[in-house]
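A structural walkthrough
Each chain is listed here by its residues.
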Amino acid sequence: MEKRGRGGKPTPSQAPQQPSSTPRKERRPSMFEKEAYTQILRERLRESFHDVQYVEPPFDDSVADTGKEWKSALAKLRFANSYRMEPLKKFQAHSVETKVQQILTESLKDVKYDDKVFSHLSLELADRILLAVKEFGYHRYKFIIKVLFVQKTGQAINIASRGIWDVAWDSWVAAKHETESYVALALVFGLYCE
C-alpha cells in the first residue's frame with residue numbers, strides 16, 4: 001500500500017529511485033575465502049612500505065604451495081627461550097677500548113680537519129668500529145657507537161650521555177684521538193638484551 005500526498009501523486013521522497021550512472025566498485029575478496037588468501041597477501045605486500053614480520057599460516061596446502069617462493073624470503077627465525085638472564089661472555093671494556101683506539105689512530109693519522117669530510121668519515125668510522133666490536137662475539141649485546149669530531153679553536157667542551165642500563169652487564173668505552181686541529185672521540189655502549 002502506497003502513501004500518497006494530497007494530490008494523489010507520490011511525494012519526491014517516495015518517487016522510485018533511478019539507478020546511478022557511476023559504476024559500482026568491485027567488491028574486495030574476503031580474507032576468509034580460501035581462493036582469495038594469496039591475492040590478499042600479495043596486495044598487502046605490494047602496498048606496504050615496511051618489512052613483513054609475520055605471515056599467517058595458510059588455510060590449506062594448495063594455497064601454501066603457491067606462496068612458498070616469496071614466503072621463504074620473508075621468514076623470520078624464531079628461537080626457543082633459553083631462560084638465560086646473563087650473557088655467555090661479559091662485555092670486556094678494556095679489550096674493546098684497545099681495539100677502538102687502534103682503529104682511530106690508524107684511520108686518522110694523516111687526516112686534516114675538514115667539516116665536509118668529517119660528516120662522512122664519522123659514519124664510516126662508526127661502521128668500522130661496530131664490525132670490530134661484533135668480532136669479539138658478545139652474544140645478545142646491542143651496541144651504540146657514537147663518533148664525534150670537535151675542531152680546536154680554544155674552547156672548552158663537555159660531552160655527556162645518559163641512559164638506563166643494568167650495572168651488572170652493560171658497560172661503555174671511550175677512545176680519543178687528538179691532533180693539532182681537532183679531537184676525535186668514539187663512544188661505544190654495550191647493552192645486554194635478555
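Residues numbered from 1 in each chain as written. Predicted model: local features only at pLDDT ≥ 70, side-chain atom pairs only at ≥ 80, totals over all residues. Heavy atoms only, no water.

Focus on the overall build of the chain
Using the following cut-off: Secondary structure elements follow DSSP: runs of H or I no shorter than four residues count as helices, runs of E no shorter than two count as strands, and numbering proceeds from the N terminus. Any pair of residues with heavy atoms lying within 4.5 Å of one another is described as a contacting pair.
Across its full length, the chain carries 5 helices and 3 strands. Element order for the chain, N to C, with α for helix and β for strand: α-α-α-α-α-β-β-β. Intrachain contacts of the chain at a sequence separation of at least 6 include 66% that bridge at least 24 residues.

Brief notes about the nonpolar core
Heads up, the condition is: For our purposes a nonpolar core is just a set of buried Ala, Val, Leu, Ile, Met, Phe, Trp, Tyr and Cys residues, chained together by side-chain atoms within 4.5 Å. Burial classification: accessible surface area is computed with a 1.4 Å probe over protein chains only, and a residue below 20% of its type maximum counts as buried, one above 50% as exposed, and the rest as partly exposed.
In terms of nonpolar packing, the biggest core is built from 26 residues, with Ile129, Phe149 and Val188 touching the most fellow members. Every element with two or more residues in this core is listed here: helix H4 (93-108), helix H5 (115-134), strand E1 (141-151), strand E2 (171-178) and strand E3 (182-192). Examining the composition of this core, we find that 7 residues originate from one element, H5, more than from any other.

Here's the deal with the environment of Glu86
Along the chain, Glu86 falls in the loop between helix H3 (68-74) and H4. Classification of Glu86 as partly exposed rests on a relative accessible area of 41%. Between the C-alpha atoms of Glu86 and Trp169, which are 83 residues apart in sequence, the distance is 7.5 Å. Excluding residues within four positions of it along the chain, Glu86 makes contact with Trp169 and Tyr192.

A closer look at a nonpolar patch on the surface
Stated formally: Here the term patch refers to residues with relative accessible area over 30% and no salt bridge, with like charges joined within 9 Å and nonpolar side chains (Val, Leu, Ile, Met, Phe, Trp, Tyr) within 5 Å. Accessibility throughout is a Shrake-Rupley quantity obtained with a 1.4 Å probe, and a residue counts as covered only by protein chains that appear here. Basic side-chain nitrogens of Lys or Arg form a salt bridge, by our definition, when they fall within 4 Å of a carboxyl oxygen of Asp or Glu.
A contiguous nonpolar patch, built from Trp165, Val167 and Trp172 and spanning about 340 Å² of accessible area, is present on the exposed surface. Examined against the element boundaries, Val167 turns out to sit in the loop between E1 and E2.

Quick word on the packing of H4 against H5
We count it as follows: Lines fitted to C-alpha atoms define the axes, with helix axes restricted to the stretch in contact, and inter-axis angles between N-to-C directions lie between 0 and 180 degrees. Crossing handedness is defined as follows: a turn of the near helix away from the far one that is anticlockwise and smaller than a right angle gives a left-handed crossing, while the clockwise case is right-handed. Three residue categories are used. Nonpolar comprises Ala, Val, Leu, Ile, Met, Phe, Trp, Tyr, Cys and Pro, charged comprises Asp, Glu, Lys and Arg, and polar comprises the others, including Gly.
Across the interface, H4 lies against H5 with an axial gap of 10 Å and an inter-helix angle of 145°. Both H4 and H5 take part in a crossing whose hand is right-handed. On the side of H4, the interface is formed by Val96, Lys99, Val100, Ile103, Leu104, Glu106, Ser107 and Leu108, while H5 contributes Leu121, Leu125, Arg128, Ile129, Ala132 and Val133. Counted by class, the contact of H4 with H5 contains 10 nonpolar, 1 polar and 3 charged residues.

A closer look at the sheet that holds E3
Think of a sheet as strands paired side by side through backbone hydrogen bonds, with each pair either parallel or antiparallel. Test applied: Should DSSP find at least two bridges between two strands, the strands are regarded as paired.
Strand order in the open sheet made by the 3 strands is E1-E3-E2, with antiparallel pairing throughout. Of all the strands in the sheet, the pair left with one neighbour each is E1 and E2. Across the sheet, the axes of successive neighbouring strands diverge by a mean angle of 15°, strand direction being ignored. Note: E1 against E3, 11 bridges, orientation antiparallel. Paired with Phe143 across the two strands is Gly190, which belongs to E3. Relative to E2, H4 is tilted by about 25°, and along the sheet it contacts E1, E2 and E3.

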